[in-house]
Amino acid sequence: VNLRALTSWVGIARLFAVVLSCLAFSLVASTGHFGSPYGTWCMFTWCFCFAVTLLVLLLELLELYPLLPLSWDDFTSAFSMLAALMVFTSSVVFPATFISSPCSSNQCARQAVATTASCLCFLAYAAEVALTRAKPGDISSFLSTVPGLLKVFEAYVACLIFSLLDEYNREPGLMWCVAVYSICFIVTLLIIIFTIGRCLTYIPCPLEKMLVGYNLLALLMYLTATVLWPLYSFRGRGRPDPCGRNCWWDKHLGVTFLTIFNLIAYLVDLVYSSGMVFV
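Worth saying up front: this structure is predicted, and the values here are computed from it rather than measured.

1. A closer look at the overall build of the protein chain
Then, in step 1: Along its length, the protein chain carries nine helices and zero strands.
Then, in step 2: Starting at the N terminus, the α and β elements of the protein chain follow one another as α-α-α-α-α-α-α-α-α.
Then, in step 3: A globule of 279 residues ought to have a C-alpha radius of gyration of about 19 Å, and the protein chain, at 21 Å, matches this closely.
Then, in step 4: With the C-alpha coordinates of the protein chain rotated into their principal frame, the extents come out at 60 × 55 × 25 Å.
Then, in step 5: For the protein chain, with 279 residues in total, the buried portion stands at 44%.
Then, in step 6: Pairs at least 24 apart in sequence give 77% of the contacts found in the protein chain among residues at least 6 apart.
Then, in step 7: Per element, the accessible surface of the protein chain, about 14100 Å² overall, is 72% carbon and sulfur.

Rendered as structure tokens:
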């Protein structure tokens with residue numbers, strides 16, 4: 001038994017994440033008010049993060065993780081980054097969807113406490129990412145470096161974009177943007193999977209230079225999407241009044257901002273990757 005898995009700073013952060021995610025989904029489940037797609041997503045996030053983090057703690061406590069056919073450091077780094085992003089999204093979506101003002105009922109109080117627990121859970125995962133991130137000059141797993149963590153961020157933002165896509169078949173420009181999101185997501189996801197599965201060594205070309213080339217190509221593709229998506233989405237079309245929760249205009253605006261976020265992420269990724277290879 002490796003007690004350091006629980007007593008180290010990383011272990012303590014994971015324990016906090018387990019307790020807080022459990023508290024969040026338990027309180028929301030006790031209200032019975034999470035039936036919409038947004039509520040289902042939040043419940044899935046808290047349950048998924050709770051289950052995987054608990055499994056990670058058990059495997060490290062019993063020292064069973066070396067038996068798994070994967071890169072454990074890459075897996076835990078990628079998961080902590082993914083969990084931080086998922087819990088952050090839930091911490092924003094849940095109160096915006098379910099908590100109304102004034103908050104005076106018992107149900108609303110439990111929802112507010114669940115939101116607070118979710119926010120603290122995000123901080124726990126963010127602390128784990130900070131503690132496990134490779135420092136400059138360290139020889140460490142790829143997904144614990146800044147470019148590796150950015151790969152997880154880029155894939156997650158692409159998933160958020162997919163969840164907001166609506167009415168894009170009528171314009172070739174919008175269809176090109178969807179192709180950009182899909183191609184970059186698939187390639188980035190394959191890089192993450194191959195890294196965790198220790199399959200990158202089988203690629204018959206210099207991996208570092210290949211990643212720099214891919215980041216440059218993805219940056220150029222996202223640059224075109226950043227211009228074309230708002231151009232074709234809002235050209236001659238104002239915001240409808242009223243514009244409800246599932247309004248196409250709000251969804252397209254969200255895709256616009258998420259495209260910009262991923263453009264910046266690929267730019268930073270290219271800068272860091274180029275520095276690691278050429279500097």
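2. A word on the packing of helix α6 (residues 146-164) against helix α7 (residues 172-196)
For any two helices packed against each other, the geometry comes down to the angle between their axes and how far apart the axes lie.
Then, in step 1: Between α6 and α7, the least distance of the axes is 9 Å, while the angle of their chain directions is 140 degrees. Accordingly, the angle class assigned to the pair α6 and α7 is oblique. Read as a crossing pair, α6 and α7 show a hand that is left-handed. Here α6 contributes Lys151, Val152, Glu154, Ala155, Ala158, Cys159, Ile161 and Phe162 to the contact with α7, which in turn contributes Tyr181, Ser182, Phe185, Thr188, Ile191 and Ile192.
Then, in step 2: Here the residues of the contact of α6 with α7 sort into ten nonpolar, two polar and two charged.

3. Quick word on the UniProt feature "transmembrane region" (unreviewed entry) in the protein chain
Then, in step 1: Within this structure's numbering, the places UniProt gives as "transmembrane region" (unreviewed entry) are residues 6-29, 41-59, 79-99, 111-127, 139-162, 174-196, 211-232 and 253-272.
Then, in step 2: Structurally, residues 41-59 is divided into 100% helix and 0% strand, and its ends, taken at the C-alpha atoms, are 27 Å apart.
Then, in step 3: Along residues 111-127, the helical share is 100% and the strand share 0%, with 24 Å between the first and last C-alpha atoms.

4. As for unusual backbone geometry
Then, in step 1: We note that glutamate 63 has phi near 55 degrees; this positive angle belongs to a residue other than glycine.
Then, in step 2: Take glutamate 63: it is sitting in the loop between α3 (37-61) and α4 (72-98).
Then, in step 3: Here glutamate 63 falls in the partly exposed class, since its relative accessible area comes to 48%.
Then, in step 4: The phi dihedral of arginine 198 falls on the positive side, at around 60 degrees, and the residue is not glycine.
Then, in step 5: Structurally, the position occupied by arginine 198 is in the loop between α7 and α8 (207-234).
Then, in step 6: Residue classification places arginine 198 among the exposed positions, given a relative accessible area of 52%.

5. Considerations on the domain arrangement of the protein chain
Then, in step 1: Taken as a whole, the protein chain is organised into domain 1 (1-138) and domain 2 (145-278).
Then, in step 2: Of note, the centres of domain 1 and domain 2, computed from C-alpha atoms alone, are 25 Å apart.
Then, in step 3: Listed as interface residues are 17 residues of domain 1 and, on the opposing side, twelve residues of domain 2.
Then, in step 4: The three residues of domain 1 that bury the most area against domain 2 are Met81, Leu85 and Arg133, which together make up 28% of that side's buried surface.
Then, in step 5: Counting across the domain 1 and domain 2 interface gives zero salt bridges.
Then, in step 6: Applying the counting criterion to the domain 1 and domain 2 interface returns three residue pairs in polar contact (both at pLDDT 80 or more).
Then, in step 7: Counting only elements with at least two residues in the side of domain 1 that touches domain 2, the list comes to α3 and α4.
Then, in step 8: Considering only residue class, the side of domain 1 that touches domain 2 consists of eleven nonpolar, four polar and two charged.

6. Comments concerning helix α5 (residues 106-132)
Then, in step 1: For α5, built from 27 residues, the straight-helix expectation of 39 Å at 1.5 Å per residue is met to within 8% by its first-to-last C-alpha distance of 39 Å.
Then, in step 2: Close packing links the buried residues of α5 with α2 (9-31), α3, α4 and α6.

7. Description of the pattern of salt bridges
Then, in step 1: Counted by the stated rule, this structure contains three salt bridges.
Then, in step 2: One salt bridge in this structure joins arginine 14 and glutamate 128, with 2.9 Å as the shortest N-O distance. Note that arginine 14 is positioned in helix α2 and glutamate 128 in helix α5, a separation of 114 residues in sequence.
Then, in step 3: Judged by its relative accessible area of 4%, arginine 14 falls in the buried class.

Conventions used here
- Residues numbered from 1 in each chain as written.
- Predicted model: local features only at pLDDT ≥ 70, side-chain atom pairs only at ≥ 80, totals over all residues.
- Heavy atoms only, no water.
- Helix = DSSP H or I, 4+ residues; strand = E, 2+ residues; numbered from the N terminus.
- Rg over C-alpha atoms; globule rule 2.2 N^0.38 Å.
- Buried < 20%, exposed > 50% of the residue type's maximum accessible area, 1.4 Å probe, protein only.
- Contact = heavy atoms within 4.5 Å.
- Areas by Shrake-Rupley, 256 points an atom, 1.4 Å probe, with all protein chains shown as cover.
- Axes fitted to C-alpha atoms, helices over the stretch in contact; angles between N-to-C directions.
- Parallel < 35°, antiparallel > 145°, perpendicular 65-115°, else oblique.
- Left-handed = near helix turned anticlockwise from the far one by under 90°.
- Nonpolar A, V, L, I, M, F, W, Y, C, P; charged D, E, K, R; others polar.
- UniProt positions renumbered as here; feature names shortened; annotations may be inferred.
- Domains from an automatic or database assignment.
- Buried area = accessible area lost by both parts, 1.4 Å probe.
- Salt bridge = Lys/Arg side-chain N within 4 Å of Asp/Glu carboxyl O.
- Polar contact = N/O pair within 3.5 Å; in protein donor to acceptor, adjacent residues only side chain to side chain.
- Expected span 1.5 Å × (residues − 1).

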